[in-house]
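Inside the fold
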Amino acid sequence: MAPADSPEQSLERWIFLSVLFFSWTVYVWEAYLSYRQRRVFRTTTHVPSELGKIVDPETFEKSRLYQLDKSNFSFWSGLYSETEGTLILLFGGIPFLWNLSEHFTQQAGFGPEYEITQSLMFLLLATLFSAVTGLPWRSEEH
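1. Thoughts on helix 3 (residues 93-107)
Taking 1.5 Å per residue, 15 residues should reach 21 Å; helix 3 reaches 21 Å between its end C-alpha atoms and fits that length. By the burial criterion, the buried members of helix 3 are Leu97, Ser101 and Thr105. Down the axis of helix 3, the buried side of the element spans an arc of 75 degrees, and every buried residue falls inside it. Among the exposed residues of helix 3, those pointing more than 90 degrees away from its buried face are Phe96 and Gln107. The positive-phi residue at the C-terminal boundary of helix 3 is Gly109, with phi of around 95 degrees.

See the structure below:
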């Protein structure tokens, strides 16, 4: 029989799940709004009368197709980002990175009292991870 969670563990678990739920709720809401905008991009194939004197049909079509591609890319990029963040939280990526930064600072001769040095190492490792995992998305973005 598994031991019951302490009140602190239950509260921490509730907060953790609430943060995940809120994060995904925001993502789903933004994805829904983007979906509605994509639908407008797909269905509006002629220059609106309000823009008829400002934009020629060829420029409007190029802009419409570009916005449609950009919106589709943004959806997949956002889904990847949200999934990656969720997996990092679920599998303890932040504590793992903190322990790794502690290991590296100790290897460099700094003791546990050098928390700022460890924090800087943590920031460096997190930035490197983000740069590497986000590289395919940034190359397609431009």
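2. Some words on the packing of aromatic side chains
The full count for this structure, using the stated rule, is seven aromatic pairs. Here the aromatic rings of Phe110 and Tyr114 are separated by 5.1 Å at their centres, their planes lie at 65 degrees, and the arrangement is edge-to-face. Of the residues examined, Phe110 reaches a relative accessible area of 33% and is grouped as partly exposed. Tyr114 sits in the partly exposed class, given a relative accessible area of 39%.

3. With respect to a nonpolar patch on the surface
Taken together, the side chains of Leu11, Trp14, Ile15 and Val19 define a hydrophobic patch exposed on the protein surface, amounting to about 420 Å² of accessible area. Its place among the elements puts Val19 in helix 1 (residues 7-43). Using a relative accessible area of 45% as the deciding quantity, one classes Val19 as partly exposed.

4. Things to note about the pattern of salt bridges
Taken as a whole and judged by the stated rule, the model has two salt bridges. Among the salt bridges present, the one from Glu58 reaches Lys62, with a minimum N-O distance of 3.4 Å. Of this pair, Glu58 and Lys62 both sit in helix 2 (residues 57-90), four residues apart, which is roughly one turn of that helix. Like Lys62, Glu58 is exposed. The partner of Arg64 in a salt bridge is Glu61, and the shortest N-O contact between them spans 2.8 Å.

5. Some points on the side chain of Glu82
You can see Glu82 is positioned in helix 2. Although Glu82 lies buried, it forms no salt bridge, and the closest oppositely charged side chain, Arg38, sits 15 Å away as judged by the N-O distance. Here the side chain of Glu82 touches Ser23 through a polar contact of 2.3 Å, side chain to side chain. Setting aside its immediate chain neighbours within four residues, Glu82 contacts Ser23, Trp24 and Tyr27.

Reading the values: the criteria
- Residues numbered from 1 in each chain as written.
- Predicted model: local features only at pLDDT ≥ 70, side-chain atom pairs only at ≥ 80, totals over all residues.
- Heavy atoms only, no water.
- Helix = DSSP H or I, 4+ residues; strand = E, 2+ residues; numbered from the N terminus.
- Expected span 1.5 Å × (residues − 1).
- Buried < 20%, exposed > 50% of the residue type's maximum accessible area, 1.4 Å probe, protein only.
- Arc of directions from axis to C-beta.
- Phe/Tyr/Trp six-rings, centres within 6.5 Å; stacked < 30°, edge-to-face > 60°.
- Patch = residues over 30% accessible without salt bridge, like charges linked within 9 Å, V, L, I, M, F, W, Y side chains within 5 Å.
- Areas by Shrake-Rupley, 256 points an atom, 1.4 Å probe, with all protein chains shown as cover.
- Salt bridge = Lys/Arg side-chain N within 4 Å of Asp/Glu carboxyl O.
- Lys, Arg positive; Asp, Glu negative; His and termini not counted.
- Polar contact = N/O pair within 3.5 Å; in protein donor to acceptor, adjacent residues only side chain to side chain.
- Contact = heavy atoms within 4.5 Å.

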